[in-house]
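Structural characterization, general
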Amino acid sequence: MRRLAITVIGGSIAGLTAARLLSQAGHAVSVHERSAEPLAGRGAGIVTHPGLHAVLARCGVPVAPRDLGVTVAVRRVLDRDGRVVAERALPQVLAGWGRLHALLRETLPGDAVRLGARLVAVERDGDAVVARFADGGRVAGDLLVGADGLHSSVRAGFLPGVAPAYAGYVAWRAVVDMADLARATRAAIGDHFAFCLPPGEQILGYPVSGADADGRPGARLFNAVWYRPAPAEDLAGLMTDTGGARHALSIPPNRIRPEVLAAMRAEAERVLAPPFADVMRRAPSPFLQAILDLEMPSMAPAPGVALLGDAAFVARPHVGMGVTKAMEDAAALTDAVSAADGDVRAALRTFDARRRPYGAAVVARGRELGAYLQAQRLGAAERAAAERYRSPEAVMDGTAVPPAGLTG
Ligand SMILES: Cc1cc2nc3c(=O)[nH]c(=O)nc-3n(C[C@H](O)[C@H](O)[C@H](O)COP(=O)(O)OP(=O)(O)OC[C@H]3O[C@@H](n4cnc5c(N)ncnc54)[C@H](O)[C@@H]3O)c2cc1C
């Protein structure tokens, strides 16, 4: 087998998984991450799926699925007064992003990831793909893997017109120590994947492991995501920070204006079931994200260049597939490289043909599930989806459940 020199841009979930699997397959891999600080220890909660556990096992991570996080057996929907209006048995393991990242990082040697390495350009030099970094560094290889996320520099270099689009609504995210919540809140939602559906809005929440992956009930955290419509003019106000600077689509949590936070908490008291209002009241530093999605015309946008994870397709979070998709992309790329015996061009053709339809299906599913949250911008097809996915039963059946028949 031909041993390739592979340059991975981004040291998050997609990048680390690709680095681990491609090294295992015998290639020489280097990882370059923009952040100067290790990423582990950050992040909130994720929903895990069988595909995630399968790739994690392939990476050699010796953690059984149930030990990755907290197992929740039942979903429930609360009405405005906190009454349970619908329930479903649906066992799932809910994990902390930081724990998953740390487990993947441990599969690689200590010096495998170069931190503080911000990619600024990708160029070709004969058959080689050359990555250039802000610190003046230059790395040449046979294959460059763009695993650099939502605002990918690799993507921007080759597909300048392709960028994430705002979906017309935002998410307030909150992570709070379970022990800080009221006893009644813990009893109502602390052991469940729980929802509340105010008109045109949605909040969901679930328990995840606490610090050091401690999943015991007293040490857990509660992770909540509250979706609210926000037309462009409201978004501008939400994304204007304490210093008056306007951010486009996300704002650092410590720069959110106090009046914006206070208004959000007042609205939580007004529209949410009391347990969810309690979560938003007690969360120490809620943060705000604009909901985006992105479809990709090609996951191999240039010879010797692959795009993985959020650098390729970004689905709205209702599908709960971002991390699973990123890890499966990395596994599929490795399989394609192995099957092509090091012929990069053939490998990328196979990879793109296999993963692009999958990415498109996940994005489409996210749009269906989120249609009723963007009521002000709907066409006929979206209006039909909005009606289909509005009921408590449909929300419970569809949210963070891989679409039926999805293979990739
Ligand atoms: C710190 C952090 C915490 C997160 N927490 C959660 C969470 O709690 N729940 C959840 O569902 N999702 C979370 N995500 C997002 C989640 O990881 C992704 O949606 C999904 O897993 C796809 O992963 P990815 O590796 O493709 O992209 P990302 O996770 O976005 O990673 C992209 C990486 O590329 C790096 N990068 C970007 N540009 C450059 C450049 N020019 N040069 C070099 N490196 C670059 C970024 O710093 C980042 O580490 C988090 C991401 C990060 C980075």
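Everything here concerns the structure above.
Notes on the structure follow. (Residues numbered from 1 in each chain as written. Predicted model: local features only at pLDDT ≥ 70, side-chain atom pairs only at ≥ 80, totals over all residues. Heavy atoms only, no water.)

1. Focus: the nonpolar core
Nonpolar side chains in soluble globular proteins tend to be buried together. Which entries qualify depends on this criterion: The criterion is simple. A nonpolar core is a set of buried Ala, Val, Leu, Ile, Met, Phe, Trp, Tyr and Cys residues joined through side-chain atoms within 4.5 Å. To sort residues, take the accessible area from a 1.4 Å probe on protein chains only and compare it with the maximum for the residue type: under 20% means buried, over 50% means exposed, and anything in between is partly exposed. Helix and strand assignments come from DSSP, with helices taken as H or I runs of at least 4 residues and strands as E runs of at least 2, each series counted from the N terminus. As used throughout, domain bounds are those supplied by an automatic or database domain assignment. Here, residues are in contact when the closest pair of their heavy atoms is within 4.5 Å.
Counting residues in each nonpolar core, the largest one holds 75 residues, and the members touching the most others are Leu-100, Met-327 and Leu-333. Broken down by element, this core gets its largest block of residues, nine residues, from helix H9 (residues 322–339). Inspection of this core shows a minimum of three residues originating in each of domain 1 (5–41 + 99–164 + 294–372) and domain 2 (65–97 + 165–292). When neighbours within four sequence positions are excluded, Met-327 is seen to be in contact with Ile-13, Thr-17, Leu-52, Val-55, Leu-56, Leu-100 and Leu-104. The next biggest cluster of nonpolar side chains, apart from the first, holds 36 residues, and it includes Trp-172, Leu-181, Ala-268 and Leu-272.

2. A word on the sheet that holds strand S7 (residues 119–125)
Here is the rule we go by: Strand pairing is defined by DSSP finding a minimum of two bridges between the two strands. Note on geometry: axes are lines fitted to C-alpha atoms, helical ones only across the stretch in contact, with angles between N-to-C directions running from 0 to 180 degrees.
Across the sheet, three strands lie side by side as S7-S8-S9; this open sheet has antiparallel pairing. Whereas interior strands pair on both sides, the edge strands pair on one side only; in this sheet they are S7 and strand S9 (138–141). Strand-to-strand twist of the sheet, defined as the mean angle between neighbouring strand axes without regard to direction, takes the value 20 degrees.

3. Some details on the site of the ligand
What counts, and what does not: Residues are counted as near a molecule or strand when any one of their heavy atoms sits within 4 Å of it. We get accessible surface area from the Shrake-Rupley algorithm with a probe of 1.4 Å; when it comes to residues, only the shown protein chains can shield them. Ten residues, namely Ala, Val, Leu, Ile, Met, Phe, Trp, Tyr, Cys and Pro, are considered nonpolar, four, namely Asp, Glu, Lys and Arg, are considered charged, and the remaining ones, Gly among them, are considered polar.
Near the ligand there are 27 residues, and of these Ser-12, Ala-14, Glu-33, Ala-44 and Asp-310 occur at the shortest range. Protein contacts shield 83% of the accessible area of the ligand, which totals 910 Å² for the unbound molecule. Going through the elements one at a time, helix H1 (13–24), strand S3 (45–47) and H9 are the ones with two or more residues in the shell around the ligand. At three residues, the largest contribution of residues to the shell around the ligand is made by H9. Classifying every residue of the shell around the ligand by side-chain character gives twelve nonpolar, nine polar and six charged.

4. A look at the packing of aromatic side chains
The condition is simple: Whether two aromatic rings pair depends on their centres lying within 6.5 Å, for rings of Phe, Tyr and Trp, where Trp uses its six-membered ring; planes under 30 degrees apart make the pair stacked, over 60 edge-to-face, and the rest tilted. For a ring to carry a charge above it, either NZ of a lysine or CZ of an arginine must fall within 6 Å of the ring centroid while also lying within 35 degrees of the normal to the ring plane.
Counting across every chain of the model gives three aromatic pairs. Ring geometry for Tyr-169 and Tyr-227: centres 6.1 Å apart, planes at 75 degrees, overall edge-to-face. With a gap of 58 residues between them, Tyr-169 in strand S11 (residues 165–177) and Tyr-227 in strand S14 (residues 221–229) connect regions that are remote in the sequence. Both residues of the pair, Tyr-169 and Tyr-227, count as buried. Aromatic pair Phe-193 and Phe-195: ring centres 5.2 Å apart, planes at 20 degrees, arrangement stacked. For the pair shown, Phe-193 and Phe-195 are each scored as buried. Taken together through their ring pairs, the aromatic side chains of Phe-193, Phe-195 and Tyr-206 make up a single cluster. In this arrangement the basic side chain of Arg-75 is found over the ring face of Phe-193, its NZ or CZ atom lying 4.2 Å from the centre. Cation over ring: Arg-355 sits above Tyr-358, and NZ or CZ is 3.9 Å from the ring centre.

5. Re the pattern of salt bridges
Formally: We define a salt bridge as a side-chain nitrogen of Lys or Arg found within 4 Å of a carboxyl oxygen belonging to Asp or Glu.
Across all of its chains, the model carries 26 salt bridges by this definition. One salt bridge connects Asp-241 with Arg-255, and the closest N-O pair in it is separated by 3.2 Å. Of the two residues, Asp-241 is situated in the loop between helix H6 (232–238) and helix H7 (258–271) and Arg-255 in the loop between H6 and H7; the sequence distance between them amounts to 14 residues. Residue Asp-241 is classed as buried on the basis of its relative accessible area of 2%. Judged by its relative accessible area of 32%, Arg-255 falls in the partly exposed class. Where Arg-281 meets Asp-278, a salt bridge forms, and the shortest distance between an N and an O atom there is 3.0 Å. Of this pair, Arg-281 and Asp-278 both sit in helix H8 (residues 274–282), three residues apart, roughly one helical turn. Counted as one network, the salt bridges with shared partners bring together Glu-201, Arg-228, Glu-267 and Arg-270.

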